[in-house]
Amino acid sequence: MEDLSKREITVNLLGRNLSVVASAEEAGHLRDAVAVIEQKVANYRAAYAITDEAYLLLMCSLELATESAATRRDWARRSQQLADRFQTLDSLLLRTLHQLEPQG
């Protein structure tokens, strides 16, 4: 069954039109991503004497992949810290409940 919430949109990346099937929410994210890529490519173009768009896009891809990997590591670390805190809280609550139980 066809997903009616998705439609074909066109985004322009570095002067090239790309057709993509996306929901309205995904379309917004795609347009944001295109803006990020365009800005990063412009930054590389200004900082280095590189005109090869393929090379500029490779540099941009490497930067974005590095940022993504760092974000995933950070989220994993924070998730583990949160899980550890919940475990500590659970232990404290169980101990407190046990102490409050009537003896005898």
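Before reading on, note that the structure itself is shown above.
Report on the accompanying structure. On a predicted model such as this, the values are computed, not experimentally measured, just so you know.

1. Quick word on the overall build of the protein chain
For the protein chain, the count of helices and strands is 2 helices and 2 strands. Compactness check: the protein chain gives a C-alpha radius of gyration of 24 Å against a globular reference of 13 Å for 104 residues, more than 25% above the reference. For the C-alpha atoms alone, the extent of the protein chain along its principal axes is close to 80 × 45 × 15 Å. When contacts within the protein chain are restricted to residue pairs at least 6 apart in sequence, those whose partners lie at least 24 apart make up 19%. Of the roughly 8,500 Å² of accessible surface on the protein chain, a fraction of 58% belongs to carbon and sulfur atoms. One way to put it: in the protein chain the 12 positive side-chain charges average out to a point 5 Å from where the 15 negative ones average out.

2. What to know about the pairing of strand β1 (residues 6-13)
Note: β1 against strand β2 (residues 16-23), 8 bridges, orientation antiparallel. Opposite Ile9, over in β2, you have Val20 as the bridge partner.

3. A closer look at the pattern of salt bridges
If you walk through the whole model with that rule in mind, you get 7 salt bridges. The closest approach of N and O atoms between Glu26 and Lys6, which form a salt bridge, is 3.4 Å. Here Glu26, found in helix α1 (residues 24-47), pairs with Lys6, found in strand β1; they are 20 residues apart in sequence, far enough to count as distant. Residue Lys6 is classed as partly exposed on the basis of its relative accessible area of 31%. Within this structure, Arg16, Arg45 and Glu53 form a network of salt bridges that share partners.

4. Some points on α1
Between its first and last C-alpha, α1 extends 35 Å over 24 residues, near the 34 Å set by a 1.5 Å rise per residue. Where α1 is concerned, the buried positions are Ala27, Val34, Ile37, Lys40, Val41 and Tyr44. Buried-residue contacts for α1 involve β1, β2 and α2 (53-100).

5. Description of α2
Residues spaced three or four apart along an α-helix face the same direction, because each turn holds 3.6 residues. Its 48 residues give α2 an end-to-end C-alpha distance of 69 Å, which sits within 8% of 70 Å, the value for a rise of 1.5 Å per residue. Looking at α2, one finds that the buried residues are Leu56, Met59, Cys60 and Ala69. Check the buried side of α2 and you find it contacts α1. N-capping of α2 is provided by Asp52, with a side-chain oxygen placed 3.1 Å from the backbone N of Ala54.

6. Quick notes on the nonpolar core
Counting 14 residues, the largest nonpolar core has Ile9, Leu13, Ile37, Val41 and Leu56 as the members making the most contacts within it. Counting residues per element, the ones that place at least two in this core are β1, α1 and α2. If one sorts the elements of this core by residue count, α1 sits on top with 5 residues. In contact with Leu56, other than residues within four places in its own chain, are Val41, Tyr44, Arg45, Ile50 and Thr51.

Reading guide: rules and limits
- Residues numbered from 1 in each chain as written.
- Predicted model: local features only at pLDDT ≥ 70, side-chain atom pairs only at ≥ 80, totals over all residues.
- Heavy atoms only, no water.
- Helix = DSSP H or I, 4+ residues; strand = E, 2+ residues; numbered from the N terminus.
- Rg over C-alpha atoms; globule rule 2.2 N^0.38 Å.
- Contact = heavy atoms within 4.5 Å.
- Areas by Shrake-Rupley, 256 points an atom, 1.4 Å probe, with all protein chains shown as cover.
- Lys, Arg positive; Asp, Glu negative; His and termini not counted.
- Charge placed at Lys NZ, Arg CZ, Asp CG, Glu CD.
- Pairing = 2+ DSSP bridges.
- Salt bridge = Lys/Arg side-chain N within 4 Å of Asp/Glu carboxyl O.
- Buried < 20%, exposed > 50% of the residue type's maximum accessible area, 1.4 Å probe, protein only.
- Expected span 1.5 Å × (residues − 1).
- Polar contact = N/O pair within 3.5 Å; in protein donor to acceptor, adjacent residues only side chain to side chain.
- Core = buried A, V, L, I, M, F, W, Y, C linked by side-chain atoms within 4.5 Å.

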